Amino acid sequence: MRVRGLHAAVARGKRVLLRLPSAHDCDEFVALMRASRRLHHPWAAPATTTDAFADYLNRIRRKETYGLLACERSNGAIVGVFNFNQIVRGHYHSTYLGYFGGAPFARQGYMTEGLALVLRYAFTKLKLHRLEANIQPGNRASLALARRCGLRCEGFSPRYLKVNGRWRDHERWAITVEDWRRLRAEERR
């Protein structure tokens, strides 16, 4: 029996795989995001309708945007989402990273493993130099995830991004390929 999504994985961990989203994911994605509204509010506004999911797919197919689903390796179930927004090449080789998990999978380590895979993929396959995540100060779970995976706080931006119809303050967290390599070398010791 072939577990759905395993054939399209771009990265694999012990419990999580990363893969590109497709139109076939619509029903599962929308159901998961609807079930996760309380977890996401007011931090994020993921697609909760089929039209919004179609818009999401169109957005991540652009050259400067990239989306990955974090899925359980055992059965392919979607557990979270990672997005690279505004990928800039040239002298910059950087992107803004967005992420959110599904409520049924919260606090089980899936997003930590997923973000570790995302960092490896971004720095080795996409050849990026820097990832920046902008996180609202009250979003303790997202801040803890960024910190756990080696991102560092670089500053505070008042009224930085419009989320759920309101301009919200954000902390800027980032990691460079050099930071990532150093952290991996320390883990191996």
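Positions within a chain are numbered from 1, following the residues in the order the chain's sequence is written. Selection of residues for local features in this predicted model requires a pLDDT of at least 70, selection of side-chain atom pairs for listing and counting requires 80 or more, and totals for whole chains, interfaces and linings are taken over all residues. Just so you know, side-chain values use all the structure's heavy atoms and leave hydrogens and water out.

*Asks:* Looking at this structure, I do not really get the overall build of the protein chain. What am I missing?
*Replies:* Secondary structure elements follow DSSP: runs of H or I no shorter than four residues count as helices, runs of E no shorter than two count as strands, and numbering proceeds from the N terminus. Looking only at helices and strands, one finds six helices and eight strands in the protein chain. Along the protein chain, from the amino end to the carboxyl end, the secondary structure elements read β-β-α-α-α-β-β-β-α-β-α-β-β-α. In this treatment the radius of gyration is a C-alpha quantity, and the globule benchmark scales as 2.2 Å times the residue count to the 0.38 power. A compact globule built from 189 residues would reach a C-alpha radius of gyration of about 16 Å, and the protein chain, at 16 Å, matches this within 12%. Principal axes of the C-alpha set define a box for the protein chain whose edges measure 40 × 40 × 35 Å. A burial count over the protein chain gives 49% of its 189 residues as buried. Relative accessibility thresholds used throughout: buried, under 20% of the residue-type maximum; exposed, over 50%; partly exposed, between the two (1.4 Å probe, protein chains only).

*Asks:* I would appreciate a short explanation of the packing of helix α4 (residues 110–125) against helix α6 (residues 177–188) in the present structure.
*Replies:* Between two packed helices, both the angle of their axes relative to each other and the distance between the axes serve to describe the pair. Angles here are taken between N-to-C directions and fall from 0 to 180 degrees, while the axes themselves are lines fitted to C-alpha atoms, restricted in helices to the stretch in contact. With their axes 11 Å apart at the nearest point, α4 and α6 run at an angle of 120° to one another. Considering their axes alone, α4 and α6 lie oblique with respect to each other. Of the two elements, α4 crosses α6, and the hand of that crossing is left-handed. Contact with α4, carried on its side by Leu-119, Arg-120, Phe-123 and Thr-124, involves Val-177, Trp-180 and Arg-184 of α6 and no other residues of that element. Its residues assigned to classes, the contact of α4 with α6 shows four nonpolar, one polar and two charged. Angles below 35 degrees are treated as roughly parallel, those above 145 as roughly antiparallel, those between 65 and 115 as roughly perpendicular, and all remaining angles as oblique. We call a crossing left-handed when the near helix sits turned anticlockwise from the far one by less than a right angle, and right-handed when that turn is clockwise. By definition, residues are in contact when any of their heavy atoms lie within 4.5 Å. Note on residue categories: nonpolar means Ala, Val, Leu, Ile, Met, Phe, Trp, Tyr, Cys or Pro, charged means Asp, Glu, Lys or Arg, and polar means any other residue, Gly included.

*Asks:* Sorry if this is basic, but what is going on with helix α5 (residues 140–148) here?
*Replies:* Three or four residues apart is the spacing at which side chains of an α-helix point the same way, because the helix has 3.6 residues per turn. Residues Ser-142, Leu-143, Leu-145 and Ala-146 constitute the buried set of α5. Along the long axis of α5, the arc covered by the buried residues comes to 160°, so they all point the same way. Exposed and facing more than 90 degrees away from the buried side of α5 are Arg-140, Arg-147 and Arg-148. On the buried face of α5, the contacting elements are β5 (94–101), α4, β6 (130–135) and β8 (166–176). Positive backbone phi, at 100°, marks Gly-150, one or two positions downstream of α5. Think of the arc as the fan of directions from the helix axis to the C-beta atoms.

*Asks:* Could you clarify how one ought to interpret a positive patch on the surface in this entry?
*Replies:* On the surface, Arg-120, Lys-125, Lys-127, Arg-181, Arg-184 and Arg-188 cluster together to form a positively charged patch. Every element with two or more residues in the positive patch is listed here: α4 and α6. Among the elements that make up the positive patch, the one with the highest residue count is α6 (three residues). Take Arg-181: its relative accessible area is 51%, and that puts it in the exposed class. Residues forming no salt bridge and having over 30% relative accessible area are the ones grouped into patches, like charges within 9 Å of each other and nonpolar side chains (Val, Leu, Ile, Met, Phe, Trp, Tyr) within 5 Å. In these tables, accessible area is a Shrake-Rupley quantity obtained with a 1.4 Å probe, and a residue counts as shielded only by the protein chains included in the view. Here, a salt bridge means any side-chain nitrogen of Lys or Arg that lies within 4 Å of a carboxyl oxygen of Asp or Glu. Neither His nor the chain ends contribute to the count of charged residues, in which Lys and Arg are positive and Asp and Glu negative. For charged residues, the charge sits on one atom: NZ in Lys, CZ in Arg, CG in Asp, CD in Glu.

*Asks:* What is the right way to read the side chain of Glu-171 from this model?
*Replies:* Residue position: Glu-171 is located in strand β8. Buried within the structure, Glu-171 lacks any salt-bridge partner; its nearest side chain of opposite charge belongs to Arg-147, at an N-O separation of 5.7 Å. There is a polar contact of 3.0 Å between the side chain of Glu-171 and the side chain of Trp-173. For Glu-171, the residues in contact, after removing those within four places along its chain, are Ala-133, Asn-134, Ile-135, Pro-137, Leu-143, Cys-153, Gly-155 and Phe-156. The term polar contact refers here to a pair of N or O atoms within 3.5 Å; inside protein, the definition further demands a hydrogen-donor-capable atom paired with an acceptor-capable atom, and it admits residues adjacent in sequence only when both atoms are side-chain atoms.

*Asks:* Mind showing me how you'd approach unusual backbone geometry here?
*Replies:* With the exception of glycine, most residues fall at negative phi, and the peptide bonds are largely trans. With omega at 0°, the peptide bond leading from His-41 into Pro-42 counts as cis. Positionally, Pro-42 belongs in the loop between α2 (37–40) and α3 (50–60). In the Ramachandran plot, Arg-159 falls in the positive-phi region, its phi being about 45° despite a non-glycine side chain. Within the element layout of this structure, Arg-159 appears in strand β7 (residues 152–163).

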